[in-house]
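One letter stands for each residue in the lines below.
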Amino acid sequence: QVQLVESGGGLVQPGGSLKLSCAASGFTLDSYHIGWFRQAPGKEREGVSYISSSGGTTAYADSVKGRFTISGDNAKNTVYLQMNNLKPEDTAVYYCAATLRIIPIFASGEYDYWGQGTQVTVSS
């Protein structure tokens, strides 16, 4: 019954924006730390952003810092990833993941729950 569902992906031109959503069911996200990850074809999954359960701590990969913003809405049981000034190298399947534990924020193997992913394609 525990489920995370990503949405909001699509095709955008370089410099464009998308807002991804990660909606939880079966548990409440306000008790969990959330990470956003992405995986491009032929490449390993990499961490993109992180938000603590309280929302008090956020973090970003250097490659997206200043362009992406993570946020949460407890009332909607949803975490968002606002992506601005998108680049072709941002093209990937984006996943959200959740954990109750304090872990290295971009250690994907330490997260307990994962969504199915949403495709983001940045191309002219």
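Residues numbered from 1 in each chain as written. Predicted model: local features only at pLDDT ≥ 70, side-chain atom pairs only at ≥ 80, totals over all residues. Heavy atoms only, no water.

## Overview of the state of the cysteines
Where two cysteines share a covalent bond between their sulfur atoms, that bond is called a disulfide. Selection rule: The disulfide criterion is simple: two cysteine sulfur atoms within 2.5 Å. By definition, any uninterrupted DSSP run of H or I lasting at least four residues is a helix, any uninterrupted run of E lasting at least two residues is a strand, and each is numbered from the N terminus.
What the rule picks out here adds up to one disulfide. A sulfur-sulfur separation of 2.0 Å characterises the disulfide bridge that pairs Cys22 with Cys96. Between Cys22 and Cys96 the sulfur-sulfur dihedral comes to about 75°; the bridge is accordingly right-handed. A residue pair is termed long-range when its members are at least 10 positions apart, and Cys22 in strand β3 (residues 18-25) and Cys96 in strand β9 (residues 92-99) qualify at 74 residues.

## Here's the deal with the environment of Tyr80
Definition in use: For every residue, the accessible area (1.4 Å probe, protein chains only) is compared with the maximum for its type, and the residue is labelled buried under 20%, exposed over 50%, or partly exposed between those bounds. Only heavy atoms enter the contact rule, under which two residues are in contact if any of them lie within 4.5 Å.
Assignment of secondary structure puts Tyr80 in strand β8 (residues 78-83). On the basis of relative accessibility, which here comes to 14%, the residue Tyr80 falls in the buried class. It is 5.6 Å that separates the C-alpha atoms of Tyr80 and Ile70, two residues lying 10 residues apart in sequence. Not counting residues up to four positions away in its chain, the partners in contact with Tyr80 are Lys19, Leu20, Ser21, Trp36, Thr69, Ile70, Ser71 and Asp73.

## Some thoughts on the sheet that holds strand β1 (residues 3-7)
Note the following rule: Two strands qualify as a pair provided DSSP detects at least 2 bridges between them. Axes here refer to lines fitted to C-alpha atoms; in helices the fit is confined to the stretch in contact. Angles between the N-to-C directions go from 0 to 180 degrees.
Strand order in the open sheet formed by four strands is β1-β3-β8-β7, and the pairing between neighbours is antiparallel. Two strands close off the open sheet at either side, each with one partner strand: β1 and β7 (68-73). Looking at each pair of strands side by side, their axes are set apart by 15° on average, direction ignored.

## Let's talk about the pattern of salt bridges
If the charged atoms of two oppositely charged side chains come close together, the side chains can form a pair. This is how it is decided: Salt bridges are defined as contacts in which a side-chain nitrogen from Lys or Arg sits within 4 Å of a carboxyl oxygen from Asp or Glu.
Evaluation of the coordinates by the stated rule reveals six salt bridges. A salt bridge links Arg38 to Asp90; the shortest N-O distance between them is 2.9 Å. Of this pair, Arg38 sits in strand β4 (residues 33-39) while Asp90 sits in the loop between β8 and β9, and the two are 52 residues apart along the sequence. For the residue pair Arg38 and Asp90, the accessibility class agrees, reading buried in each case. Between Asp112 and Arg101 there is a salt bridge; the shortest N-O distance is 3.1 Å. Taken together, the residues Asp112 in the loop between β9 and β10 (113-114) and Arg101 in the loop between β9 and β10 connect sequence positions 11 residues apart. For Asp112, a relative accessible area of 40% translates into the label partly exposed. Linked through salt bridges whose partners overlap, the residues forming this network are Arg38, Glu46, Arg67 and Asp90.

## Some thoughts on the environment of Leu11
Note on placement: Leu11 falls in strand β2 (residues 10-12). Overall, Leu11 belongs to the exposed group, its relative accessible area being 64%. When the C-alpha atoms of Leu11 and Ser108 are compared, they prove to be 25 Å apart, with 97 residues separating the residues in sequence. Beyond its immediate chain neighbours, meaning those up to four positions away, Leu11 contacts Thr121 and Ser123.

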